[in-house]
Amino acid sequence: MASSTDSSTTVDNEVRQLYERYQAAESDAERREIALEMGKLDGRRHAEIYGALEDE
């Protein structure tokens, strides 16, 4: 089972990669798609935080 630190590191890496892709995007459509991915990732991160709080 992955620790919360491992999970945080994975999410941080995903955020970094998405941000780099966003910066390199050549069109508004491409940036929009990446922004939607960022939103999904942010939602997943919040779900993990609330799940951890419920377990306390």
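This is a predicted model, so every value here is computed, not measured. All chains use their own residue numbering, which begins from 1 and follows the written sequence. Per-residue local features are limited, in this predicted model, to residues with pLDDT of at least 70; the limit for side-chain atom pairs, both in listing and counting, is 80 or more; totals at the level of whole chains, interfaces and linings are taken over all residues. With hydrogens and water stripped out, all remaining heavy atoms of the structure feed into the side-chain values.

Caption draft 1: Representation of a nonpolar patch on the surface. The grouping of I49, Y50 and L53 at the surface amounts to a nonpolar patch, some 330 Å² of accessible area in total. Only runs of H or I of at least four residues qualify as helices and only runs of E of at least two qualify as strands under DSSP, and these elements are numbered from the N terminus. Looking at the element boundaries, I49 is found in helix α2 (residues 28-55). Only protein chains enter the area calculation, which uses a 1.4 Å probe; residues under 20% of their type maximum are buried, those over 50% are exposed, and those in between are partly exposed. Exposure remark for I49: the relative accessible area of 43% places this residue in the partly exposed category. Without a salt bridge and with relative accessible area above 30%, a residue can belong to a patch; like charges are then joined within 9 Å and nonpolar side chains (Val, Leu, Ile, Met, Phe, Trp, Tyr) within 5 Å. Using a 1.4 Å probe, the Shrake-Rupley method yields the accessible areas, and only the shown protein chains count as cover for residues. By salt bridge we mean one thing: a side-chain nitrogen of Lys or Arg within 4 Å of a carboxyl oxygen of Asp or Glu.

Caption draft 2: Structural detail: the nonpolar core. V11, L18, A25, I34 and L41 form the largest nonpolar core, which has five residues in total. Where this core is concerned, the elements lending two or more residues are α1 (4-24) and α2. Those residues in contact with I34 that sit more than four places away from it in its chain are L18, R21, Y22 and A25. Throughout this description, the term nonpolar core refers to a set of buried Ala, Val, Leu, Ile, Met, Phe, Trp, Tyr and Cys residues connected via side-chain atoms within 4.5 Å. In what follows, a contact means two residues having at least one pair of non-hydrogen atoms within 4.5 Å.

Caption draft 3: Focus on the pattern of salt bridges. Summed over the entire model, instances satisfying the criterion amount to four salt bridges. When the shortest N-O distance is used, the salt bridge between D28 and R31 registers 2.8 Å. A residue pair is termed a helical-turn pair when its members lie 3 or 4 positions apart in one helix, as D28 and R31 do in helix α2 at three residues. By relative accessible area, D28 is classed as exposed at 61%. Taking the relative accessible area as the measure of exposure, R31 reaches 24% and is therefore partly exposed.

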